[in-house]
Amino acid sequence: MEINGSVYNSGNISQRNVDAEGQTSVLSSNLFLDHVGGVTLTLNSDGLSWKSLYSLDNDGSTCLGIKFLPRMATKMATKLKFSDIYAVEIIDSDVIQESDLTLAAECFVGNESHDSGMNHFMVHTFQKSKSQPCLWSLAVYKFGNKDLQTCQMWVNKINDSLSKEVGRPKNLLVFVHPMSGKGNGRRIWETVAPIFSRAKINTKVIVTQRAGHAFDVMTSATNEELNSYDGVLAVGGDGFFNEILNGFLSSRHKAPFPPIPSDFLDALGNNSNPSVNDPNGADSESHNNIESDPLLSSSAHNESGFSHLRTNDGSHIEDQQIENPLPNQRLRFGIIPAGSTDAIVICTTGARDPITSALHIILGKKLCLDVAQVVRWKTTSTSKIEPRVRYAASFAGYGFYGDVITESEKYRWMGPKRYDYAGTKVFLKHRSYEAEVGYLEVESEKDSSILDGSRMFSRVRSLKRKKSERIICRANCDVCNTKPVYSSTRSPPAISLPEARWLKSKGRFLSVGAAIMSNRNERAPDGLVADAHLSDGFLHLLLIKDCPHALFLWHLTQLARKGGNPLNFDFVEHHKTPAFTFTSIGKESIWNLDGELFQAHKLSAQVFRGLICLFASGPEV
């Protein structure tokens, strides 16, 4: 084949063998790249690179007195890493559509069509949006050669290299919520399913038929069954992911329960949990001789105020070394966004986009995520209600946020707009609730303002930091990647630190919230807490005290504005803590756990650092 007066030798192939260190052998061929023309394609240890056969020193081709070069010809060398390639395939020349080369390019290559009698293979990858680097779109490079064996050889070589990429899934269990968001969960899965098929990933798809269906499947699945999968996907919203997460952890996560609300111990003749302090008064006397608590079944407490290791159904486990597979970095979770807010996806990938999430999953990205364990306690010693354990990955909210989710359930037919409507109704009612909240304050070894995860953090008061001081969680975040100073996986170690102490806040609250991540979404572009991290072992306790309508509206307006500062109000308390307790006094609201309802009069929570792993890499700058 002759291009622009020079001979294009489609059979020109060179190859080097594997070296002594086992590096990928180097392969080089002259091929035709769609929209570029003739290139020399080279395979090396970490990817593909190509160089145009055309020289910029050449006068090129002229059409109507204008000199034309192929697109990308000015980029003399281009590289594509194997870590960015998710599939490669031979395509039948009979089904290839005519190239959409411009007239100028046709002038350059001459009258002979470059697709004539040529075989092709396609390399599938992605490209990032220039304006939004977190948004990924599908991209493909089509190479051609008249020799079919040459194309097949390239496909085999690239597939061999892709098979060596670590962490990519081969088998996935997929739950599809057909009614998520606007009821398009099934359609969204059908949109991304071909990408998984192209990447040769086997998927077992379960379309849920009722509420709690995914929870029941995950709970009843044996570890052997789950071990046959590399990951579990949720095609739905945050609430649906919460259902799957709870189904997985409910029978597998073995750890001490979080501290009991202080009035439980007061009722037994004890003042409070160990080292409980009133910020407005003197420190309370510590009582470490707690032997039992009749409000828990078969529960003995240690000196830290925790019950001994138990399963989540409340049954006692003898003190012995128990195999705890969590965090399980092999079995990862993934979310294909199809919900109303999709805050978890936005915080972990940076984009609310099914294609972007699918690519994160297929390429085997890994990101550890904190999870909060929330326990609802018995209200009295004679209560028949056993302690109930739930987990949350993004947010736990009471009062305003609980009322909004409760009210919105009546208007599911409205789709995502139901939150705006329900939020307006709840705001106008302006209900506040009396409660007592206890939270653990952790003081670092040195009073430093640098937040590094390994030294915990500086003394925590109500945090009202300037925007310039925010350390935003991003991909490869230094805070989340810092190795913790502890090694125990049974309980959040910050709770057992000698410098930890308990503080109380009592009064009337419009809302009580605990943010495990920033919770960015379309209604709150910076999230509830802009600088909350994904895996630092802490949650952000937000106490919104009763205040006039206008001030609360101002707070909500700051939440809805990018660059706002919703925490810089006198009626807002913001505490960074690994654990907290809650006791409702009088009229009650309901808790919102990742979009799921949870009724609790007495509640306590603790956060576990990096308890689960997601197919994600974190948002990019």
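These figures come from a predicted structure and were not determined experimentally.

## Re the nonpolar core
Generally speaking, soluble globular proteins have nonpolar side chains that are buried together. By size, the foremost hydrophobic cluster in this structure holds 45 residues, and its most contacted members are Phe175, Phe241, Ile244 and Ile612. With six residues, helix H6 (residues 238-249) is the single largest residue contributor to this core. Residues in contact with Phe175, not counting those within four places in the same chain, are Ile206, Thr208, Ala214, Val217, Met218, Val232, Leu233, Ala234, Val235, Phe240 and Ile244.

## Looking at the packing of helix H3 (residues 185-198) against helix H9 (residues 354-362)
In the contact formed by H3 and H9, the axes pass within 10 Å of each other and the chain directions differ by 35°. Crossing of H3 against H9: the hand is right-handed. Between H3 and H9, the residues in contact are Ile188, Val192, Ile195 and Phe196 and Pro354, Ile355, Ala358, Ile361 and Ile362, respectively. Among the residues forming the contact of H3 with H9, the class breakdown is nine nonpolar, no polar and no charged.

## A short note on the pairing of strand S17 (residues 332-337)
With six of six residues buried, S17 lies mostly within the body of the structure. Here S17 shows no split at all, with Arg332, Gly334 and Ile336 on one side and Phe333, Ile335 and Pro337 on the other all buried. Where strand S15 (residues 231-236) and S17 come together, six bridges link them in parallel fashion. What sits directly across from Val232, in S17, is Phe333.

## Things to note about the packing of aromatic side chains
In the structure shown here, the tally under the stated rule is 20 aromatic pairs. With a centroid separation of 5.2 Å and an interplanar angle of 75°, the aromatic rings of Phe248 and Phe333 are classed as edge-to-face. Taken together, the residues span a long stretch of sequence, with Phe248 in helix H6 and Phe333 in strand S17 at a distance of 85 residues. Side by side, Phe248 and Phe333 carry an identical accessibility label, which is buried. Among the aromatic residues, those joined into a ring-pair cluster are Trp50, Phe121, Tyr141, Phe143 and Trp154.

## Here's the deal with the side chain of Asp536
On the secondary structure map, Asp536 appears in the loop between strand S22 (501-515) and strand S23 (539-545). Side-chain polar atoms of Asp536 contact the backbone nitrogen of Phe538, separated by 3.2 Å. With near-sequence residues (within four places) excluded, Asp536 lies in contact with Asp370, Val479, Cys480, Lys576 and Arg609.

## Comments concerning the confidence of the model for the chain
Confidence along the chain averages 78 in pLDDT terms, with 70% of residues attaining 70 or more. Low pLDDT (under 50) marks residues 1-10, which in the prediction has 23 contacts with non-local residues, meaning those over four places away or in another chain. Counted against residues more than four places away or in other chains, residues 485-489, with its pLDDT under 50, gives eight contacts.

## Focus on the pairing of strand S21 (residues 433-441)
Counting buried residues in S21 gives eight out of nine residues, a clear majority hidden from the surface. As defined by bridge partners, S21 adjoins strand S25 (residues 579-585) across six bridges and the pair is classed as antiparallel. Paired with Ala435 across the strands is Ser584, a residue of S25.

## Comments concerning the pattern of salt bridges
Here the structure, examined in full by the defined rule, presents 16 salt bridges. Among the salt bridges present, the one from Glu407 reaches Lys410, with a minimum N-O distance of 3.4 Å. For Glu407, a relative accessible area of 7% corresponds to the buried category. By relative accessible area, Lys410 is classed as exposed at 53%. Across the salt bridge formed by Arg523 and Asp420, the nearest N and O atoms sit 3.0 Å from each other. Taken together, the residues Arg523 in the loop between S22 and S23 and Asp420 in helix H11 (residues 417-429) connect sequence positions 103 residues apart. In this structure Asp420 comes out as partly exposed when scored by relative accessible area, which is 42%. Three or more residues are tied together by salt bridges with common partners; here these are Asp342, Arg352 and Glu522.

## Quick notes on the packing of helix H10 (residues 400-408) against H11
Between H10 and H11, the shortest axis-to-axis distance is 8 Å and the interhelical angle comes to 130°. Here H10 lies oblique to H11, going by the angle between them. Judged by the sense of rotation from one axis to the other, the crossing of H10 with H11 is right-handed. Side by side, H10 and H11 meet where Phe400, Asp403, Val404, Ile405, Glu407 and Ser408 of the first sit next to Arg418, Tyr419, Ala422, Gly423, Lys425, Val426, Phe427 and Lys429 of the second.

About the cut-offs
Residues numbered from 1 in each chain as written. Predicted model: local features only at pLDDT ≥ 70, side-chain atom pairs only at ≥ 80, totals over all residues. Heavy atoms only, no water. Core = buried A, V, L, I, M, F, W, Y, C linked by side-chain atoms within 4.5 Å. Buried < 20%, exposed > 50% of the residue type's maximum accessible area, 1.4 Å probe, protein only. Helix = DSSP H or I, 4+ residues; strand = E, 2+ residues; numbered from the N terminus. Contact = heavy atoms within 4.5 Å. Axes fitted to C-alpha atoms, helices over the stretch in contact; angles between N-to-C directions. Left-handed = near helix turned anticlockwise from the far one by under 90°. Nonpolar A, V, L, I, M, F, W, Y, C, P; charged D, E, K, R; others polar. Pairing = 2+ DSSP bridges. Phe/Tyr/Trp six-rings, centres within 6.5 Å; stacked < 30°, edge-to-face > 60°. Polar contact = N/O pair within 3.5 Å; in protein donor to acceptor, adjacent residues only side chain to side chain. pLDDT = per-residue confidence, 0-100. Salt bridge = Lys/Arg side-chain N within 4 Å of Asp/Glu carboxyl O. Parallel < 35°, antiparallel > 145°, perpendicular 65-115°, else oblique.

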